[in-house]
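Remarks on the overall topology
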Amino acid sequence: MLRIKNKSVYVDIINIIVFAYFLFLYVVRNNAENALFANTMRVLFALCFLLFVMKWSEIRLPHTVVLSGAFVLYAGLSLTWAYYRQTDAMFQIFLNFILSTLLLQCVRSRRHLEFIIKSMAICGTGVCVLILTNADLHSLNSRITVEGFNVNTLGILLIFSALCCWYLYLTGKEKIWLALLFPYICFSLLTGSKKVLVMLGTVVLLYIIWMNKRTLKGFLTVLFLMIVVIAGIYAIFNIPFLYNVIGKRMGEFLQGLIRKERYNASDLMRENMIKRALELFLQHPVRGIGVANFERMNRYKVYSHCNYTEILCNYGLIGFILYYSRNAYYIFLYLRMEKERRKDELSRLAIAIMGIYLLIDFAMVSYYSLFHQTILGLIYYMLVYAAEKRKAGEKH
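Residues numbered from 1 in each chain as written. Predicted model: local features only at pLDDT ≥ 70, side-chain atom pairs only at ≥ 80, totals over all residues. Heavy atoms only, no water.

As a further point, take the overall build of the protein chain. Along its length, the protein chain carries 14 helices and 0 strands. Going from N to C terminus, the protein chain has its helices and strands arranged as α-α-α-α-α-α-α-α-α-α-α-α-α-α. Taking all 396 residues of the protein chain together, 51% fall into the buried category. Put simply, of all contacts in the protein chain between residues at least 6 apart along the chain, 76% involve residues at least 24 apart. When the accessible surface of the protein chain is totalled, it reaches about 19,500 Å², and 66% of it is carbon and sulfur. (Helix = DSSP H or I, 4+ residues; strand = E, 2+ residues; numbered from the N terminus. Buried < 20%, exposed > 50% of the residue type's maximum accessible area, 1.4 Å probe, protein only. Contact = heavy atoms within 4.5 Å. Areas by Shrake-Rupley, 256 points an atom, 1.4 Å probe, with all protein chains shown as cover.)

Of note, Ser369 is situated in the loop between α13 (345-360) and α14 (370-395). On the accessibility criterion, Ser369 (12% relative accessible area) is buried. Separated by 277 residues in sequence, Ser369 and Gln92 have C-alpha atoms that sit 9.0 Å apart. At a separation of 3.2 Å, a polar atom in the side chain of Ser369 contacts the main-chain amide nitrogen of His372. (Polar contact = N/O pair within 3.5 Å; in protein donor to acceptor, adjacent residues only side chain to side chain.)

Once that is clear, we can look at the pattern of salt bridges. A complete count under the given rule lists 4 salt bridges for this structure. With a closest N to O distance of 3.4 Å, Glu114 and Arg110 form a salt bridge. Separated by 4 residues within a single helix, Glu114 and Arg110 lie in helix α5 (residues 110-134), roughly one turn from each other. As far as the burial class goes, Glu114 and Arg110 line up, both buried. (Salt bridge = Lys/Arg side-chain N within 4 Å of Asp/Glu carboxyl O.)

The next subject is the packing of helix α12 (residues 307-339) against α13. Here α12 crosses α13 at 160 degrees, and the two axes come no closer than 11 Å. Between α12 and α13, the angle falls in the class roughly antiparallel. The element α12 and its partner α13 pack so that their crossing is left-handed. Across from Tyr308, Asn327, Tyr330, Ile331, Tyr334 and Met337 in α12, the residues of α13 making contact are Ser347, Ile351, Met354, Tyr357 and Leu358. Broken down by class, the residue content of the contact of α12 with α13 amounts to 9 nonpolar, 2 polar and no charged. (Axes fitted to C-alpha atoms, helices over the stretch in contact; angles between N-to-C directions. Parallel < 35°, antiparallel > 145°, perpendicular 65-115°, else oblique. Left-handed = near helix turned anticlockwise from the far one by under 90°. Nonpolar A, V, L, I, M, F, W, Y, C, P; charged D, E, K, R; others polar.)

Listed below in structure tokens is the structure:
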């Protein structure tokens, strides 16, 4: 067992490992060429976190861990009736659950949670460095590509970092976070990801609602955000560079929604995969076809690019309810805080992140991802510590 007499040194070691963990999630894990190295690092981080849990001699199992654990258990049981025994995929899901759960054991106070938020805000610089050093920035007539990395994922990571910077600026008024915010947004737009635009729109809309106060400052804030949104939309569709990077793809997507026609091969493929996933779900609506079996039972041989249909297809209604029960629990916690007027910026950050996931899950599969499962677990502590701070304030 690890024994360190100096408590401050002990905390510093935890912080270093936690920061390294998020740097790994941001920069290393997403490289498709480093699969073996990434899995080795997962195991090493799990062992490090386990040592600190043993030091505390206490394992906490909050509701979020119990609910996600129930889904992982059901996913494992689905191997018994699956058409194809995808043991590698199941091992990945199980390892992600263990690692994200062990990280949550390191969140023992709001201060620990704030450090994680700062780590995410800083790690966005690593993604920017990746883009600057690996992308072809000399021919920016279309969305950038970064060899060995999924640019959609990089854009999503930058939006999460930007959201953390915004939260840190609102709570601490330190301009360094505002200085990081704008490069993150600019680089995320360079990825040309439609999900990035959805995430930005969701966050702006939520903050417009939250800041709609009957004060001059609240009115001016809402007005400023609306002007920014309108100016951004105009720039995306009228500035040639931005139109080539993301405006054209967004226009084709919107035309597809309105006219039910697909001008983009990627959108057409996604639509076909979602239809196929729904067909398989209707054939096995209760328990599904088994963990990761959709990848083997569609002509594209990949996941369905929609978390909802992926879970419905592979795990049926039982798995769907188990997986999204965690989100329902978060909504319950937030509504209770809303009723008791105990919300603050941390709870708003939590609900903004959850709102983002509920939307972008229509266009990506998040339950396979270690990063996304880690963030979804952290939402619980954001809501809990936001409520505790408000209660403490009321007592004083």
